[in-house]
Amino acid sequence: MLPIDPCADLGRRAWVPCPGCGDHRDCADCGAGRNCADHWRYLLGVTGSRLHLQCPGCTHLWVHETGFGAGGPRPF
């Protein structure tokens, strides 16, 4: 298990399902697309349209592609 990233800040959170533990699966709020109090992720950074995240529960680190914002070149 990894430690929580030293850049993690409770003030910077995201509500994206964790591919490591999937703790959101049985949550009514998450299932309805609402921001719940339990299943948030640390938002460590943003690069273009990619969110750099860490789950506070299982400490999994990953990058989530949002499809929004300034990403790489887009095909026409």
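For the structure itself, consult the block above.
The rules behind these values
- Residues numbered from 1 in each chain as written.
- Predicted model: local features only at pLDDT ≥ 70, side-chain atom pairs only at ≥ 80, totals over all residues.
- Heavy atoms only, no water.
- Helix = DSSP H or I, 4+ residues; strand = E, 2+ residues; numbered from the N terminus.
- Buried < 20%, exposed > 50% of the residue type's maximum accessible area, 1.4 Å probe, protein only.
- Contact = heavy atoms within 4.5 Å.
- Areas by Shrake-Rupley, 256 points an atom, 1.4 Å probe, with all protein chains shown as cover.
- Pairing = 2+ DSSP bridges.
- Phe/Tyr/Trp six-rings, centres within 6.5 Å; stacked < 30°, edge-to-face > 60°.
- Lys NZ or Arg CZ within 6 Å of the ring centre and 35° of its normal.
- Core = buried A, V, L, I, M, F, W, Y, C linked by side-chain atoms within 4.5 Å.

A. Focus on the overall build of the protein chain. When helices and strands are counted, the protein chain shows one helix and four strands. Along the chain direction, N to C, the helices and strands of the protein chain fall in the order β-α-β-β-β. Sorting the 76 residues of the protein chain into buried and exposed places 25% on the buried side. Across the protein chain, contacts joining residues at least 24 apart in sequence account for 45% of those joining residues at least 6 apart. Accessible surface, the protein chain: about 5100 Å² in total, of which carbon and sulfur atoms supply 57%.

B. Looking closely at the sheet that holds strand S3 (residues 50-54). With antiparallel pairing, four strands are arranged side by side in an open sheet as S1-S2-S3-S4. This sheet does not close on itself; its edge strands, each paired only once, are strand S1 (13-14) and strand S4 (61-65). Two strands pair when backbone bridges link them, and S1 and strand S2 (residues 41-47) are joined in this way by two bridges, in the antiparallel orientation. Note that in S2 the partner of Arg13 across the bridge is Tyr42.

C. Molecular detail of the packing of aromatic side chains. Evaluated as defined, the whole model comprises one aromatic pair. Across the ring face of Trp40, the terminal group of Arg13 is positioned such that the distance to the ring centre comes to 5.2 Å.

D. Examining the environment of Cys7 more closely. Structurally, Cys7 is set in the segment before S1. Among the residues examined, Cys7 registers a relative accessible area of 56% and is labelled exposed. A C-alpha to C-alpha distance of 9.1 Å links Cys7 and Leu43, two positions 36 residues apart in sequence.

E. Region of interest: the nonpolar core. Core analysis: the biggest nonpolar cluster contains eight residues, these being Ala14, Val16, Cys18, Leu43, Leu51, Leu53, Cys55 and Trp62. Every residue in contact with Leu53, bar those within four places of it in the chain, is listed here: Ala14, Val16, Arg41, Tyr42, Leu43, Leu44, His60, Leu61, Trp62 and His64.

The values are spatial; any link to function lies outside them.
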